[in-house]
Protein chains: 2
Amino acid sequence: MTDLNALRDQIDALDQQLQDLLNKRADLAHQVAEVKRAEDPEPVFYRPEREAQVLRRIKERNTGPIGAEEMARLFREVMSVCLALEQPMRVAFLGPEGTFTQQAAIKHFGHSVESVPLGAIDEVFREVEAGAVHFGVVPVENSTEGMVNHTLDSFMNSDLKICGEVELRIHHHLLSGPHTRRDKVTRIYSHQQTLAQCRQWLDAHMPAVERIAVSSNAEAARRLRDEWNAMAIAGDMACELYDLEKVQVNIEDRPDNTTRFLIIGRQDTPPSGRDKTSLLVSGKNRPGLLSDLLRPFREKNINLTRLESRPSRIANWSYVFFVDCEGHKEDPGLTEVLEDLDSDGNTIKVLGSYPKAVL
Amino acid sequence: MTDLNALRDQIDALDQQLQDLLNKRADLAHQVAEVKRAEDPEPVFYRPEREAQVLRRIKERNTGPIGAEEMARLFREVMSVCLALEQPMRVAFLGPEGTFTQQAAIKHFGHSVESVPLGAIDEVFREVEAGAVHFGVVPVENSTEGMVNHTLDSFMNSDLKICGEVELRIHHHLLSGPHTRRDKVTRIYSHQQTLAQCRQWLDAHMPAVERIAVSSNAEAARRLRDEWNAMAIAGDMACELYDLEKVQVNIEDRPDNTTRFLIIGRQDTPPSGRDKTSLLVSGKNRPGLLSDLLRPFREKNINLTRLESRPSRIANWSYVFFVDCEGHKEDPGLTEVLEDLDSDGNTIKVLGSYPKAVL
């Protein structure tokens, strides 16, 4: 017991130091804000590139025992608290409450922001454009909720900038409902993308069971309330929402199954040192268009991380490509690529350069 | 800009110190765990009374600029992270996701716990009793969700201990839906308790409008999806869930409208210095019973913070009283009160002594 008391005294002394440092940090953040206010009548307090740098350094130098991810999450909250003292931030996301997009918003901004759920992706864009919120969070590679296209289409008609990305790891589980007779299961419900992501597991373990694609994983989970010969594949949130039982967890074929979100805002983001750039390139549909678009990237040795084509809404003979590549648009190599693409008669729109996801 | 860079360098240096201290704190917490493991084959790592003491001290000595509440919340997360390194905690709550009860669970335990939503209050009790989770969180004075009685009844049949309480401040808003014609409103939906809590405001501002009590505030909000001549009164979560507009915020008559939750577990909690005790007292229904029950508290000068009577399920001629009072059952005064009540022929069950809500 003396041991315990001595250790607790040490923790208490350490907590006092921690607390002093936290308040001192808020003091310094306040001084930063004062300098910014003196320089700019409409100062920008939230700097995505700066936060990314801080969080990266914290992860890199972390020695444990607290894990690097948990440590970064704690600092995420500390920065969130300090920032809120200067400027209470409002962030719009694709609601309702409890969606992955809200999780992404909190992961990126911490808990000291006011998060505003909106009903549709274009509403999130509008609220950011109107200045009603500081930033918006929208899904962009959301394999299970299938809303990618709305986000891409919204960028075509918007001048908003991408200023960050968030990745969430997504797990899929095989679920049974209150009436499910596990030995009589003849069908499995899920979103088509989810079924595809669990194909190998299903082939190996439930080859004879019919796979039925429904509109969302939540809908699949919901159906189990009434049926006795079905199971569903869905994630934690849907499982919890409909109070289902997990028959087998993490059945996705690729263990690194992630969903990606973008932070949208009104400002450009300076380089953080480890950045990505998203572009929209459109050109007249002709043989070799895609290969022509890709050539400049190859020549400058710039990695493409994603390429997606969408029919243009403006002219039906032309195509629009969404391109994600490594680097910042101010990097010399990428600057030349952009000039190259431009001189080829394509239309280029830089949607934003932003720090790679840290957390 | 030099100013800014100098300040940022200072923040970076400070962050390094913070990070070192955080890891050192986890080290010390680990040593505490080792001592406990050496002393006890089934050690208890989570100590509600110790956490309450730490958080209280932090709030009391806080100098700012970070607010005392925010500072305590940061330390809540730090302790949550340190504890999870020793013992990943599972906490069951009354689901689904997004309820006030989940908010309460996170407020009390921080984010580094696994929270398990369950469909009913007695399921939460059962899971804690079975040892499937370490703790449970149940509403006990939840004026808007009306589930108090289930919790009280569950205590009658359970040996679980109350080991903490959480308070959430609840606001009610007047809401309009997508089709509401604000000049034509003839009815207002809400839960009966909520209508009662906003009575003065309604009398003053909407005396002629019919008030219709529905099963929950969420149900009231839901109805606005289809109706054009109605408004609802509900809180933030329901407002956001159904994407309604706030016509007037915080219309509750008492600005300190809070909802209270209890943490239930299997262990007794030692005194923290500022505690409450919850009792269940039953006696044969006779004239003067209540006054006899209250006498010992009055004599020892012990404050009652709550008194609730419930018909006993065992015998319909007897009554059960739920009593909350200040102090810990090991305090000399309270010990005497318990002995007094006992010798009067009543049945006494101490549901638990636990730290008063800190956060």
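Residues numbered from 1 in each chain as written. Chains lettered and ligands numbered in written order. Predicted model: local features only at pLDDT ≥ 70, side-chain atom pairs only at ≥ 80, totals over all residues. Heavy atoms only, no water.

Per an unreviewed UniProt entry, chain A is named Bifunctional chorismate mutase/prephenate dehydratase, and its organism is Alloalcanivorax marinus. Recorded in UniProt for chain A, the comment headed Function (unreviewed entry) runs: "Catalyzes the Claisen rearrangement of chorismate to prephenate and the decarboxylation/dehydration of prephenate to phenylpyruvate." Turning to chain A, the UniProt annotation filed under Subcellular location (unreviewed entry) states: "Cytoplasm". (UniProt positions renumbered as here; feature names shortened; annotations may be inferred.)

Caption draft 1: Structural view of the sheet that holds strand β10 (residues 258–265) of chain A. Residue and element names in this part refer to chain A. Ordered by their spatial adjacency, 5 strands build an open sheet running β2-β1-β3-β10-β4, and the pairing between neighbours is mixed. Each having just a single partner strand, β2 (114–118) and β4 (161–169) make up the two edges of the open sheet. Looking at each pair of strands side by side, their axes are set apart by 30° on average, direction ignored. Relative to β10, strand β3 (residues 135–141) runs antiparallel, the two sharing 5 bridges. When the bridges of β10 are listed, Val137 appears paired with Ile263. The sheet strands contacting helix α5 (residues 121–129) are β1 (90–94), β2, β3 and β10, and the helix crosses β3 at an angle near 150°. (Pairing = 2+ DSSP bridges. Helix = DSSP H or I, 4+ residues; strand = E, 2+ residues; numbered from the N terminus. Axes fitted to C-alpha atoms, helices over the stretch in contact; angles between N-to-C directions. Contact = heavy atoms within 4.5 Å.)

Caption draft 2: Layout of the interface of chain B and chain A. Across the contact, 59 residues belong to chain B and 59 residues belong to chain A. Summing both sides of the interface, chain B and chain A together bury roughly 5,700 Å²; the carbon and sulfur share of this comes to 64%. Summed over the shared surface of chain B and chain A, the number is 8 salt bridges. Note that B:Asp12 is salt-bridged to A:Arg50, the shortest N-O span being 3.3 Å. Between the two partners, chain B and chain A, sit 27 residue pairs in polar contact (both at pLDDT 80 or more). Contributing elements (two or more residues each) for the side of chain B that touches chain A: α1 (2–39), α2 (48–61), α3 (68–86), β2 (113–118) and α10 (236–241) of chain B. Here the side of chain B that touches chain A gets 27 residues from one element, more than from any other, and that element is α1(B). A breakdown of the residues in the side of chain B that touches chain A according to their chemical character gives 26 nonpolar, 13 polar and 20 charged. (Buried area = accessible area lost by both parts, 1.4 Å probe. Salt bridge = Lys/Arg side-chain N within 4 Å of Asp/Glu carboxyl O. Polar contact = N/O pair within 3.5 Å; in protein donor to acceptor, adjacent residues only side chain to side chain. Nonpolar A, V, L, I, M, F, W, Y, C, P; charged D, E, K, R; others polar.)

Caption draft 3: Region of the structure containing the nonpolar core. A:Leu18, A:Leu22, A:Phe75, B:Leu18, B:Leu22 and B:Phe75 are the most contacted members of the largest nonpolar core, which totals 52 residues. Within the residue set of this core, elements represented by two or more residues are α1 (2–39), α2 (48–61) and α3 (68–86) of chain A together with α1, α2 and α3 of chain B. (Core = buried A, V, L, I, M, F, W, Y, C linked by side-chain atoms within 4.5 Å. Buried < 20%, exposed > 50% of the residue type's maximum accessible area, 1.4 Å probe, protein only.)

Caption draft 4: Seen up close, the packing of α3(A) against α3(B). Look at α3(A) against α3(B): their axes get within 11 Å of each other, and the N-to-C directions meet at 180°. Taken together, the axes of α3(A) and α3(B) are roughly antiparallel relative to one another. Between α3(A) and α3(B), the contacting residues are A:Glu70, A:Arg73, A:Leu74, A:Glu77, A:Val78 and A:Val81 on the first element and B:Glu70, B:Arg73, B:Leu74, B:Glu77, B:Val78 and B:Val81 on the second. For the contact of α3(A) with α3(B), the per-class residue count stands at 6 nonpolar, no polar and 6 charged. (Parallel < 35°, antiparallel > 145°, perpendicular 65-115°, else oblique.)

Caption draft 5: Quick peek at the packing of aromatic side chains. In the structure shown here, the tally under the stated rule is 8 aromatic pairs over all chains. With centroids separated by 5.2 Å and ring planes inclined at 45°, the aromatic side chains of B:Tyr46 and B:Phe109 adopt a geometry described as tilted. Of this pair, B:Tyr46 sits in the loop between α1 and α2 while B:Phe109 is found in helix α4 (residues 100–109), placing the two residues 63 residues apart along the sequence. Judged on exposure class, the residue B:Tyr46 and its partner B:Phe109 are both buried. Among the aromatic side chains, those forming a connected cluster through ring pairs are A:Tyr46, A:Phe109 and A:Phe135. Between A:Arg223 and the ring centre of A:Tyr189, over which it is positioned, the NZ or CZ distance is 5.0 Å. (Phe/Tyr/Trp six-rings, centres within 6.5 Å; stacked < 30°, edge-to-face > 60°. Lys NZ or Arg CZ within 6 Å of the ring centre and 35° of its normal.)

Caption draft 6: Structural detail: the packing of α2(B) against α3(B). Residue and element names in this part refer to chain B. Running from N to C, α2 and α3 point in directions that differ by 145°, and their axes come no closer than 9 Å. You can see that α2 and α3 cross each other, and the crossing is right-handed. From α2, Glu51, Val54, Leu55, Ile58 and Lys59 reach across to α3, where they touch Ala68, Glu69, Met71, Ala72, Phe75, Arg76 and Met79. (Left-handed = near helix turned anticlockwise from the far one by under 90°.)

Caption draft 7: Quick peek at a negative patch on the surface. Residues A:Asp3, B:Glu39, B:Asp40 and B:Glu42 make up a contiguous surface patch of negative charge. Looking at the element boundaries, B:Glu42 is found in the loop between α1 and α2. (Patch = residues over 30% accessible without salt bridge, like charges linked within 9 Å, V, L, I, M, F, W, Y side chains within 5 Å. Areas by Shrake-Rupley, 256 points an atom, 1.4 Å probe, with all protein chains shown as cover. Lys, Arg positive; Asp, Glu negative; His and termini not counted. Charge placed at Lys NZ, Arg CZ, Asp CG, Glu CD.)

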